[in-house]
Amino acid sequence: MPRPNAVSTPAGTGLSYADIVDLADNAPMVAIVRIRNSIVLKPEQAGSPPPGHRRLFIEADVTALIRGDGGISPTIGYLYDAPVDARGKLPKLKKRDVLLFARPGSRPGQIQLIARDAQLPATPEETARAKAVVSSLMARDAPPRILGLGDSFHVAGTIAGESETQIFLRTESGDPVSLSVLRRPGQAPRWAVALGEIVDEAARPPEPGTLLWYRLACDLPAALPAPSVRTLPIQDAEAARADYRFVIDALGPCGRTRTPE
């Protein structure tokens, strides 16, 4: 069962941190462009834009490339579904600076937006967030994508109220990632995430609004599935499920405000 998403958007912006990562993580090309011209396509050319939108062909000059190993043409063209207002009028796009999340198109000099909402105003705030997210994604020690949960283990301590749970995560890269929860009598439970084979005392929960937090808060299921506790006695399985719920509650909601396409 997927986890619920709460709307958590910084003041003055339209998208949350999770939304920006969703876009950047799936875009091989992130660029800032200045729109030179926009052409409204004829119905026979436009295909099926969503209700309340008109499909445009945009011509733009690239002013900055944030991500794109293969480079980008200085002038590009792409399709964009622009929303119309209550009077059916399109926004004025000419000379506007926008931030694009895209992939290379089928022809030289053309690109394709990865989603209908993958064109954002290139405000200083949005540009800085996009650069920070791309930098995190491209870092050598970037946390891997989470595919699901693996096995879990629970060990009771020698005194009442003492225990440790470890839950292994399945990742796209195959790199080891695990969650651990420690309980001690008279102390608040402590949890941590480890990126590696060994869980040491330095392991800590991730800071909200970081890529590791996003990977966990947005990709982990709401509850520990039955296969993850299949080898545990009933009492240990229930304890592992309770510790997993503790981690999920501590992470908080993912904060998506859009549905990834």
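Residues numbered from 1 in each chain as written. Predicted model: local features only at pLDDT ≥ 70, side-chain atom pairs only at ≥ 80, totals over all residues. Heavy atoms only, no water.

Trainee: Whenever I open this one, the sheet that holds strand β9 (residues 177-183) confuses me. Can you help?
Mentor: Pairing between the strands of a sheet comes from backbone hydrogen bonds, and it takes one of two forms, parallel or antiparallel. Read across the open sheet, the four strands follow the order β7-β8-β9-β10; overall the sheet is antiparallel. Here the strands that pair on one side only, and so sit at the sheet edges, are β7 (146-156) and β10 (190-194). Going across the sheet, the axis of each strand differs from the next one's by a mean of 15°, ignoring polarity. In the sheet, β9 pairs with β10 via five bridges, with the strands oriented antiparallel. The residue bridging serine 178 from the neighbouring strand is alanine 194, located in β10. Strands β7, β8 (163-171), β9 and β10 of the sheet are contacted by helix α4 (residues 211-219), whose axis makes an angle of about 110° with β10. Running over the sheet, helix α5 (residues 234-251) touches β7, β8, β9 and β10 and is turned about 105° from β9. (Pairing = 2+ DSSP bridges. Helix = DSSP H or I, 4+ residues; strand = E, 2+ residues; numbered from the N terminus. Axes fitted to C-alpha atoms, helices over the stretch in contact; angles between N-to-C directions. Contact = heavy atoms within 4.5 Å.)

Trainee: What's the story with the environment of glycine 14 in this structure? I'm lost.
Mentor: Within the secondary structure, glycine 14 is located in the segment before α1 (17-25). For glycine 14, a relative accessible area of 56% corresponds to the exposed category. Distance from glycine 14 to tyrosine 78, taken between C-alpha atoms, is 22 Å for residues 64 residues apart in sequence. (Buried < 20%, exposed > 50% of the residue type's maximum accessible area, 1.4 Å probe, protein only.)

Trainee: Hey, could you run me through the pattern of salt bridges in this one?
Mentor: A side chain of one charge can pair with a side chain of the opposite charge when the charged atoms of the two come close. Here the structure, examined in full by the defined rule, presents 14 salt bridges. Across the pair aspartate 117 and arginine 258 runs a salt bridge, and its minimum N-O distance is 2.6 Å. One end of the pair, aspartate 117, is in the loop between β5 (111-113) and β6 (119-121); the other, arginine 258, is in the segment after α5, and 141 residues separate them in sequence. Using a relative accessible area of 28% as the deciding quantity, one classes aspartate 117 as partly exposed. On the basis of relative accessible area, arginine 258 is assigned to the buried category, the value being 10%. (Salt bridge = Lys/Arg side-chain N within 4 Å of Asp/Glu carboxyl O.)

Trainee: Honestly, helix α3 (residues 124-138) in this entry has me stumped. Any pointers?
Mentor: Counting along an α-helix, one turn takes 3.6 residues, and residues three or four places apart therefore face a common direction. The terminal C-alpha atoms of α3 lie 21 Å apart, and with 15 residues this matches the ideal 21 Å at 1.5 Å per residue to within 8%. Every buried residue of α3 is listed here: Glu126, Thr127, Arg129, Ala130, Val133, Val134 and Leu137. Within α3, the buried residues cover an arc of 160° as seen down the axis, which keeps them to one side. Exposed and oriented more than 90 degrees from the buried face of α3 are Pro124 and Glu125. (Expected span 1.5 Å × (residues − 1). Arc of directions from axis to C-beta.)

Trainee: Can you help me understand the confidence of the model for the protein chain in this one?
Mentor: Residues shown with low pLDDT carry predicted positions that ought not to be read at fine detail. Mean pLDDT for the protein chain: 91, with 93% of residues reaching 70 or above. Counting interchain partners and residues more than four positions distant, the pLDDT-below-50 stretch residues 4-13 has 21 contacts. (pLDDT = per-residue confidence, 0-100.)

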